Amino acid sequence: MGSCVSVQLQAPCVEVLNHLGSCFCSKLKYIQNLRKNLVDLETAMEDLKAVRSDLLRKVHAAEEGGGLQRLHQIKVWLERVESIESKFNGLYSSRDVELKRLCFNGAGPKNLRLSYLYGKRVFKMLNMVKDLKSKGFFEEVASPAARAVGEERPLTPTVVGQETVLEKAWNHLMDDGTKIMGLYGMGGVGKTTLLTQINNKFVDMCDTHDGVVIVIWVVVSGDLQVHKIQHRIGNKIGYKGVEWKKKKENQKALDIFNFLSKKRFVLLLDDIWRKVDLTEIGIPNPTSQNGCKIVFTTRSLGVCTSMGVHEPMEVQCLSTNDAWDLFKKKVGQNTLDIHPDIPKIARKVAGACRGLPLALNVIGETMSCKKTTQEWYHAVDVLKTYAADFSDVKEKILPILKYSYDNLEDDNVKSCFLYCSLFPEDALIDKERVIDYWICEGFIDVVESKERAVNQGYEILGTLVYASLLQEGVKYDNKSYVRMHDVVREMALWIASDLEKHKESYIVRAGVGLNEVPKVQNWQLVTRMSLVNNKIKEIHESHHECPNLTTLLLQNNRCLVSISGEFFRSMPRLVVLDLSWNVELKALPEQISELVSLRYLDLSESNIVRLPVGLQKLKRLRHLNLESMLCLEGVSGISNLSSLKTLKLLNFIMWPTMSLLEELERLEHLEVLTVEITSSSVLKQLLCSHRLVRCLQKLSIKYIEEDSVRVLTLPSIQDLREVFIGGCGIREIMIERNTMLTSPCLPHLSKVLIAGCNGLKDLTWLLFAPNLTHLSVWNSSQLEEIISQEEAAGIDIVPFRKLEYLHLWDLPELMSIYWSPLPFPYLSLINVQNDCQKLRKLPLDSQSCVAGEELVIEYGDEEWKEKVEWGDEATRLRFLPSCKLVLYDV
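Residues numbered from 1 in each chain as written. Predicted model: local features only at pLDDT ≥ 70, side-chain atom pairs only at ≥ 80, totals over all residues. Heavy atoms only, no water.

What to know about the sheet that holds strand β9 (residues 471-476)
Test applied: Here, a strand pair is defined by DSSP locating no fewer than two bridges between the strands. A helix here means a DSSP run of H or I that spans at least four residues, while a strand means a run of E at least two residues long, and both kinds are numbered starting from the N terminus.
Pairing in this open sheet of three strands is antiparallel, and the strands run β8-β10-β9 from one edge to the other. Whereas interior strands pair on both sides, the edge strands pair on one side only; in this sheet they are β8 (429-430) and β9. Sheet analysis places β8 next to strand β10 (residues 479-483), joined by two bridges and oriented antiparallel. Bridging from a neighbouring strand, Ile429 pairs with Val482 of β10.

Considerations on the confidence of the model for the chain
The test is simple: Confidence of the predictor at the level of single residues is given by pLDDT, which spans 0 to 100. The contact rule is simple, with two residues in contact once any of their heavy atoms fall within 4.5 Å.
For the chain, per-residue confidence averages 87 on the pLDDT scale, and 91% of positions sit at 70 or higher. Within the model, the stretch residues 1-17 combines pLDDT values under 50 with 17 contacts to residues more than four positions away or in other chains.

Some remarks on the UniProt feature "domain: Disease resistance protein winged helix" (unreviewed entry) in the chain
Basically, it comes down to this: UniProt positions are given in the numbering used here, feature names are shortened, and annotations may be inferred rather than shown by experiment.
When the UniProt feature table is mapped onto this chain numbering, "domain: Disease resistance protein winged helix" (unreviewed entry) sits at residues 422-492. With 49% helix and 18% strand, the stretch residues 422-492 has end C-alpha atoms that lie 9 Å from each other.

With respect to helix α24 (residues 486-496)
As a reminder of what qualifies: Only protein chains enter the area calculation, which uses a 1.4 Å probe; residues under 20% of their type maximum are buried, those over 50% are exposed, and those in between are partly exposed.
Buried residues dominate α24, accounting for 11 of its 11 residues. Along α24, the residues that are buried comprise Asp486, Val487, Val488, Arg489, Glu490, Met491, Ala492, Leu493, Trp494, Ile495 and Ala496. As for α24, its buried residues are in contact with α17 (342-352), α18 (357-367), α19 (373-385), α20 (393-406), α21 (411-419) and β11 (506-508). Positive backbone phi, approximately 60 degrees, marks Asp498, located one or two places after α24.

Some details on the sheet that holds strand β7 (residues 313-314)
Strand order in this open sheet of five strands is β4-β5-β6-β3-β7, and the pairing throughout is parallel. Because the sheet does not close on itself, it has two edges, and the strands there are β4 (214-221) and β7. Sheet topology note: the strand β3 (residues 180-184)/strand β6 (residues 293-298) ladder contains five bridges and is parallel. Residue pairing for β6: Tyr184 is matched across the bridge by Thr298.

Section: the pattern of salt bridges
The condition that has to hold: Every case where a carboxyl oxygen of Asp or Glu lies within 4 Å of a side-chain nitrogen of Lys or Arg is listed as a salt bridge.
Within the structure shown, the criterion is met by 29 salt bridges. Here Asp47 and Lys133 are joined by a salt bridge, their closest N and O atoms 3.5 Å apart. Of the two residues, Asp47 sits in helix α4 (residues 34-65) while Lys133 sits in helix α7 (residues 109-134), which places them 86 residues apart along the sequence. Here Lys133 falls in the partly exposed class, since its relative accessible area comes to 28%. Through salt bridges with shared partners, a single network forms among Lys49, Arg52 and Glu85.

Topic: the environment of Leu811
Looking at the element boundaries, Leu811 is found in the loop between β27 (805-809) and β28 (829-833). If near-sequence neighbours (up to four positions away) are discounted, Leu811 is found in contact with Val777, Trp778, Asn779, Ser780, Leu783, Asp835 and Cys836.

Some words on the pairing of strand β29 (residues 856-859)
The side chains of a regular strand alternate between the sheet's two faces. In the sheet, β28 pairs with β29 via four bridges, with the strands oriented parallel. Bridging across to β29, Leu829 finds its partner in Val856. Here β29 pairs with strand β30 (residues 883-885) via three bridges, running parallel. Bridging from a neighbouring strand, Glu858 pairs with Lys884 of β30.

Considerations on the packing of aromatic side chains
Our working definition: Stacked, tilted and edge-to-face are the three classes applied to pairs of Phe, Tyr and Trp rings, where Trp contributes its six-membered ring and a pair requires centres within 6.5 Å; stacked means planes under 30 degrees apart, edge-to-face means over 60, and tilted covers the rest.
Per the stated rule, a full pass over the model turns up 16 aromatic pairs. A ring pair is formed by Tyr405 and Phe417, whose centres lie 6.0 Å apart and whose planes are at 45 degrees; its orientation type is tilted. Remark: Phe417 occurs in helix α21 and Tyr405 occurs in helix α20; sequence separation between them is 12 residues. With respect to class, Tyr405 is no different from Phe417; both count as buried.

Considering unusual backbone geometry
Of note, Tyr703 is a non-glycine position whose phi angle comes to about 55 degrees, a positive value. On the secondary structure map, Tyr703 appears in the loop between β21 (696-702) and β22 (711-714). Residues other than glycine seldom take positive phi values, yet Phe824 does so here, at roughly 40 degrees. If you trace the backbone, Phe824 turns up in the loop between β27 and β28.

Points about the packing of helix α15 (residues 320-331) against α18
Put simply, the test is: To get an axis, fit a line to the C-alpha atoms, keeping to the stretch in contact for a helix; angles then go from 0 to 180 degrees between the N-to-C directions. The crossing is said to be left-handed when, going from far helix to near helix, the turn is anticlockwise and less than a right angle, and right-handed when the turn is clockwise. Polar here means any residue outside two lists: the nonpolar Ala, Val, Leu, Ile, Met, Phe, Trp, Tyr, Cys and Pro, and the charged Asp, Glu, Lys and Arg; Gly therefore counts as polar.
Between α15 and α18, whose axes approach to 7 Å, the crossing angle comes to 35 degrees. Of the two elements, α15 crosses α18, and the hand of that crossing is right-handed. Facing α15, whose interface residues are Ala323, Leu326, Phe327, Lys330 and Val331, α18 presents Pro357, Leu360, Asn361, Ile363, Gly364, Glu365 and Met367. When grouped by side-chain class, the residues that make up the contact of α15 with α18 number eight nonpolar, two polar and two charged.

Considering the side chain of Ser404
Looking at where Ser404 falls in the secondary structure, it is placed in helix α20. In this structure Ser404 comes out as buried when scored by relative accessible area, which is 5%. When near neighbours in sequence (up to four residues on either side) are disregarded, Ser404 contacts Trp273, Arg299, Ala467 and Leu469.

Observations concerning a nonpolar patch on the surface
Rule in force here: Patch criteria: residues need more than 30% relative accessible area and no salt bridge. Like-charged residues are merged within 9 Å; nonpolar side chains of Val, Leu, Ile, Met, Phe, Trp and Tyr are merged within 5 Å. Here the Shrake-Rupley method, with its probe set to 1.4 Å, supplies the accessible areas, and only the displayed protein chains count as covering residues.
A cluster of nonpolar side chains, Leu428, Val474 and Tyr476, forms an exposed patch at the surface whose accessible area comes to about 310 Å². Of the residues examined, Val474 reaches a relative accessible area of 49% and is grouped as partly exposed.

This is the structure we're talking about:
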């Protein structure tokens, strides 16, 4: 080869190549065929690009029209085409130079070598392009494959106090029996944070396990639209593009269903406000077989039940310690350490948040830059008086909570909610009392009957509880309560003031230690005023007109001694006036007659001696409460209150006489009566009055001697709720014989207290009170049985199906409650105290009390416990651990 190239070539290009052919042998073809190979390569590259264009057109159609995702092999092929195209461009750019290199008058070894290398590259690329082109024809180009298993969602670095509830929620969700789980709670309580942690746990689980779980997160919010939810789910699982979005909802639902039904998925729905129809969206039912789960968050307990979740998990506010830990983290230790008094003040600020994480986060961040004790004390003052004035509260907290209010569909329900803000912070709100307020304010229609109006009131309370705007309170003394979270209360006051445009519309200074009525700039704006639980001593003359004031709550001002007559003259539209529990108040001014619109008046637990004559002029008064007015001398003239529907006279020192009963008979609109009777003749007259019996809700019978009434015969009293019989010589209580003995003669009776009735042998009449929840029997020396087997012969009624509390005190002859075991599905407490030594057997077996709370059996004598005879070993093992020694001071 060396001897050949030593000859200097002067001939044309073809002659040179022919001359060199013998030296290059087989490698000469790379140079000989270069021009042809370059033409073939250019053509092959154009063909490859055409194949790529056709393929991309198919891929784009599948992605945009069908919402599918290109196959991985398509991605690899396109990447290879892109790579070889880049190499081709680089190779082809030196084409002209290389061709000229062949066509010159002389050539040296260096030029020939370069031509050889270039020709070889062209030849190899030509084969690669042809091969790649041959592989560019695919039967399938895309499939509905999930884009990702799941995405970890960001969490605030200061998540505090949710470890326990997260563990509980996770364990419940992982149970095979749990298909759908609902997390509910008030706004800002941390539901989304908890759901985020659940999302991240699933993502972590997917990273560490072989089984693939598709985790889908969708924010639903108040504007629930099926197509929007479908689009969000579609984007998560690979369905996207203009054509898919144009599909009808039922077609998209079918696509989603067909995809998810072949997968194991977890669907997380955040912030739903009403029922989400999963079938309409296309979500397959989660089952134990497919292992799928659905979790949602909501502020409404009602949404949980509508979604088929009957054991939802409430996300509650943080405990005091956890709240303080979160608040400290948001404020920062540096700020807390600036002054030794700041931590103590900071605890008060944190306490004002009442454990609500949203408030703790926002207020904590705001206070992180406050370096003086004065600033911290100011924060305490603002939060106690009107929290909306606190920096960031009305921008970052109240609007979020307001979504729950905005979601209430009925304006009257909204008004009822705002009305609850009139009660003091963290107060227990008596359901019956607030419903009576609402009725008299006109939020609830009473055209048909008081019972229907009350039922509507309970429906509204249920709606507000389900919306997490109110919370269920404890049941105490046969009364049920709700309460309002303090931050929700601030939101309600903010809304009631028209978002601060009219801050004096609602004047609420409850429980703040006032000594006088607060000064108001514009009384014309005031619609409702609450001065509950203060120390106001006197209410002087009012020089201000209050034309729009409809509610005035002044109860429990225990220092209040007088109210001026002029004060009432300025309130022509007042409909609710509550003066209860003002124990120093002994008189009312005659000018109360000026309250021409008044419908509700509560004077209970006050020491007023005489009712003003002017009271009789209140022709619109519907509700009058005079209970426990131990100084009141009389109520003559009460029949002049022609609109009166509710009259409460329990614990009334001036016990009803025959003349008073006659006045009550003349109240033609009366629907509710509570009364205390101490005369046998008055009792007989009362029970013979069909009008008054129809109205009776609470009846107290006291101090009636044996000679007067040996047998008390009760008629059927449909609305009777509570009965107290004390200090009477009655020997027997019966139900009227003309009543069907199998019918519930006392269908609403829920509370019975018998005390000091030494003539009674049994209380078999309680069989006809199917809704009895509280039964207390005290100090009745001859009582032998609660339900007598002999007296109940022929009556096929199982008693005490609703009983919750049973108190038995000082009953030396009591031997039996009932002769056989009872189911007691709701019984939570049996209390046996003092001398009940003959009561050896309780009507229990191992199947009793299985549906309700765990039964507690309190006793006051260790000897009694040792002598109890259990029906069998299973019963003893079941209830003996429930026995608890409790000693009471008598």
